[in-house]
Amino acid sequence: MENNWQEQLKDLLNCDLKSLYPLARTIKRELEFYVGPTNSGKTYNAMKKLKEANSGLYLAPLRLLALEGYEDLKESNIDASLITGEEQILNEEAAHICSTIEMIDFDLEVDVAIIDEVQMLEDIDRGWAWVNAIIGVPAKKVIMTGSVNALDAVKKIASYLGEDLNIIRHKRKNELRVLPKWTPLDKLENGTALIAFSRAEVLKLKQKLQKKYSVSVIYGNLSPEVRRDEARRFRDGQTQILIATDAISMGLNLPIKTILFTTDTKFDGISKRKISVNEIVQIAGRAGRFGLFEAGYLGATRRDVLEYIKDEFEAPIKTIKPPFKVKINNSQLENLSMHLKTKSLAKVLNFFALNMKFAGPFEAANLSSMLETSRIIDSKDGLSLEEKYLLAQAPITTKSTIIVQAFNSYIASVIKKRPNHYKPSITLPKKAITQKDLLLVEDEVKKISLYLWLSYKLPEIFPDHEKAYILRNSFNAFIEKSLKGVLIDDRDVEKPPFKNRNIKNRASTKKQEDKREFSDKKRYRKSFNRN
């Protein structure tokens, strides 16, 4: 009996990933990789192929990009549906779907599928979604778009699949030049984007520069709707300068002439480090939008930063190396739970990460965000393993008091099988006075996004989808209005103007905010669109 149990566990812990996607294996798929830098037209050309197809699928890294793809198809008079983790616009007549990559339906066969920004397969938290899509999307033609650092990775996965890969190389449509001198903040030209690496630094620069320039800001903690509105203001010429984190490195076609780095270091959650050549190239590529400028320009606001940026920009980019991350699926979760005789989600996830073996260039993912959430969930009684796994994939950040308290409330409703009606944690005043006021509203929008995500997964328990959607629009409008005005440093005001309903603390402490700032890109990556 013991030997039989060990043999079953051994079989369970050895997986040939491609066998998990039977429909894709029945199709003679053509793989194409449109590879090239930003501003090379690769996504534009891929979308042309999608529009020509009788049926198609666009898989986006962000809700914002899924929406842009959806609107692009509609403008071309092609019926389409939009599917993200918190928003679904379904058209029964449509044969084209635009969705965030985690929302892929592996049982829906199409003629053409686009997997956008395929270099994201290197991402620690979300890379598994690109791996699954490349291997499992049931399409006759699979078009991947991405940067050259993903080329070897795509080749290795294609070789594992035994499928032919056609590589279509794209070159940048105009030149990207490095400025010979650093640029002082009082001599910025219209169409300049300043890059910082935290929300605090972005707002600090905004406060400093808005006396001389009209300014738009983009950072990861802002919702996609607000980022889009800030981008629109910059695109329409309502603002002269854009101040942003690396949240602009994907999506959002912007009329940026010059990218200026204000620093060459970022906090990555563990320590401060120098930004990499890959990060510099991805961000710098946003300068010099083809059709608007003859060239794009790259520089810095400090002499030492410019020297570093110039040296790194001229260095070869770093190739994505295997193994590529694979996330546990429902079947593996249930079987491992049964063999381990445990209902602890954290124990099963840890066991999977340490012991699972895959054929090909893959390894089990140890998803830190899911493990962190699973510890909260495991502390609650009355949840099935399936419910735990669902909740562990919810788009939350444990750095926010508002969101953690809301999440605990939502878990309680799932346990009791009772409807949870959406209640805001704050009452909006006419405007935000301080940066901390704004942070509180940003977190409320994330709380709404969490509720909307749950409303699609468990609609009977979270029935207030329409109410939450309307409230999100209201909170986003408040943020947009606040960003157009002047935000005072928190130290200059004794009390924020908010009436607090459900939380003990009016806002996160400065320490908590600092911990969240490193997550701008991580928040951007997750984009609250998972699953």
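This report concerns the structure included in the present document. Being a predicted model, the structure only gives us computed values, none of them experimental. (Residues numbered from 1 in each chain as written. Predicted model: local features only at pLDDT ≥ 70, side-chain atom pairs only at ≥ 80, totals over all residues. Heavy atoms only, no water.)

In the structure shown here, the tally under the stated rule is nine aromatic pairs. Seen in terms of ring centroids, Tyr410 and Phe462 are 5.5 Å apart; in terms of plane orientation they differ by 85 degrees. Their pairing is edge-to-face. Of this pair, Tyr410 sits in helix H15 (residues 401-416) while Phe462 sits in the loop between helix H16 (435-457) and helix H17 (465-484), and the two are 52 residues apart along the sequence. In terms of burial, Tyr410 and Phe462 fall into one category: buried. Put simply, the rings of Tyr410, Tyr422, Tyr451 and Phe462 touch in pairs and so form one group of aromatic residues. Just above the ring of Tyr308 sits the side chain of Lys274; from NZ or CZ to the centre is 4.9 Å. Between Lys327 and the ring centre of Trp128, over which it is positioned, the NZ or CZ distance is 3.9 Å. (Phe/Tyr/Trp six-rings, centres within 6.5 Å; stacked < 30°, edge-to-face > 60°. Helix = DSSP H or I, 4+ residues; strand = E, 2+ residues; numbered from the N terminus. Buried < 20%, exposed > 50% of the residue type's maximum accessible area, 1.4 Å probe, protein only. Lys NZ or Arg CZ within 6 Å of the ring centre and 35° of its normal.)

Attention now moves to the environment of Glu109. Inspection of the secondary structure assignment puts Glu109 in the loop between strand S6 (96-100) and strand S7 (110-115). The spacing of Glu109 and Leu57 is 52 residues in sequence and 9.3 Å in space, taken between C-alpha atoms. Sequence-distant contacts of Glu109, defined by excluding residues within four places in its chain, comprise Leu23, Ile27, Pro138 and Lys140. (Contact = heavy atoms within 4.5 Å.)

Next up on the list: empty space enclosed by the protein. Inspection of every chain in the model, using the stated rule, returns seven cavities of 30 Å³ or more. By volume, the second largest cavity amounts to about 70 Å³. Taken together, Lys327, Ile328, Leu349, Phe352, Ala365, Asn366, Leu367, Met370 and Leu371 make up the full set of residues lining the second largest cavity. At the level of elements, helix H12 (345-355) and helix H13 (368-378) are the ones that each hand at least two residues to the lining of the second largest cavity. Looking at the lining of the second largest cavity residue by residue, the class counts come to seven nonpolar, one polar and one charged. (1 Å grid on protein atoms, 1.4 Å probe; cavity = no way out; pocket = protein on both sides within 12 Å on 5 of 7 lines; lining within 4 Å. Points joined across faces, edges and corners; volume = space filled by probe spheres on them. Nonpolar A, V, L, I, M, F, W, Y, C, P; charged D, E, K, R; others polar.)

Right, let's talk about the pairing of strand S17 (residues 295-300) for a bit. The element S17 is largely enclosed, with a buried count of five among its six residues. Sheet topology places strand S10 (residues 175-178) next to S17; four bridges connect them, and they run parallel. Across the sheet, the residue bridging to Glu175 is Ala295, located in S17. Here strand S14 (residues 258-261) pairs with S17 via four bridges, running parallel. The residue bridging Thr258 from the neighbouring strand is Tyr297, located in S17. (Pairing = 2+ DSSP bridges.)

Moving on, we get to a positive patch on the surface. A contiguous patch of positive charge on the surface is contributed by Lys155, Lys156, Arg169 and Lys321. Following the sequence through the fold, Lys321 ends up in the loop between helix H10 (303-313) and strand S18 (324-326). Classification of Lys321 as exposed rests on a relative accessible area of 60%. (Patch = residues over 30% accessible without salt bridge, like charges linked within 9 Å, V, L, I, M, F, W, Y side chains within 5 Å. Areas by Shrake-Rupley, 256 points an atom, 1.4 Å probe, with all protein chains shown as cover. Salt bridge = Lys/Arg side-chain N within 4 Å of Asp/Glu carboxyl O. Lys, Arg positive; Asp, Glu negative; His and termini not counted. Charge placed at Lys NZ, Arg CZ, Asp CG, Glu CD.)

A word on the sheet that holds strand S5 (residues 88-89). Strand pairing in a sheet relies on backbone hydrogen bonds. The paired strands run either parallel or antiparallel. Strand order in the open sheet made by the eight strands is S5-S4-S6-S3-S7-S8-S2-S9, with mixed pairing throughout. Bordering the open sheet on either side are S5 and strand S9 (165-169), each of which pairs with just one other strand. Where strand S2 (residues 30-35) meets strand S8 (residues 139-146), six bridges bridge the pair, whose relative direction is parallel. Within S8, the residue paired with Phe33 across the bridge is Met144.

Moving on, we get to the nonpolar core. Ile115, Leu121 and Phe362 are the most contacted members of the largest nonpolar core, which has 135 residues in total. In terms of residue count, H16 provides more of this core than any other element does, 10 residues in total. Apart from the residues within four sequence positions on either side, Phe362 is in contact with Leu17, Val131, Ile135, Ile157, Tyr160, Pro323, Phe324 and Val326. Formed by 28 residues, the second largest nonpolar core is a distinct cluster that contains Ala244, Ile248, Phe261 and Leu306. (Core = buried A, V, L, I, M, F, W, Y, C linked by side-chain atoms within 4.5 Å.)

This brings us to the pattern of salt bridges. Applying the stated criterion to the full structure yields 28 salt bridges. Among the ionic pairs, Arg472 bridges to Glu225, the shortest N-O distance being 3.5 Å. With a gap of 247 residues between them, Arg472 in helix H17 and Glu225 in helix H8 (residues 224-235) connect regions that are remote in the sequence. Under the relative-accessibility criterion, Arg472 is labelled buried at 0%. The partly exposed category is assigned to Glu225, whose relative accessible area is 22%. Between Arg232 and Asp236 there is a salt bridge, with the nearest N and O atoms lying 3.6 Å from each other. Take Asp236: its relative accessible area is 49%, and that puts it in the partly exposed class. When salt bridges with common partners are traced through the structure, they connect Arg63, Glu86, Glu87, Glu225 and Arg472 into a single cluster.

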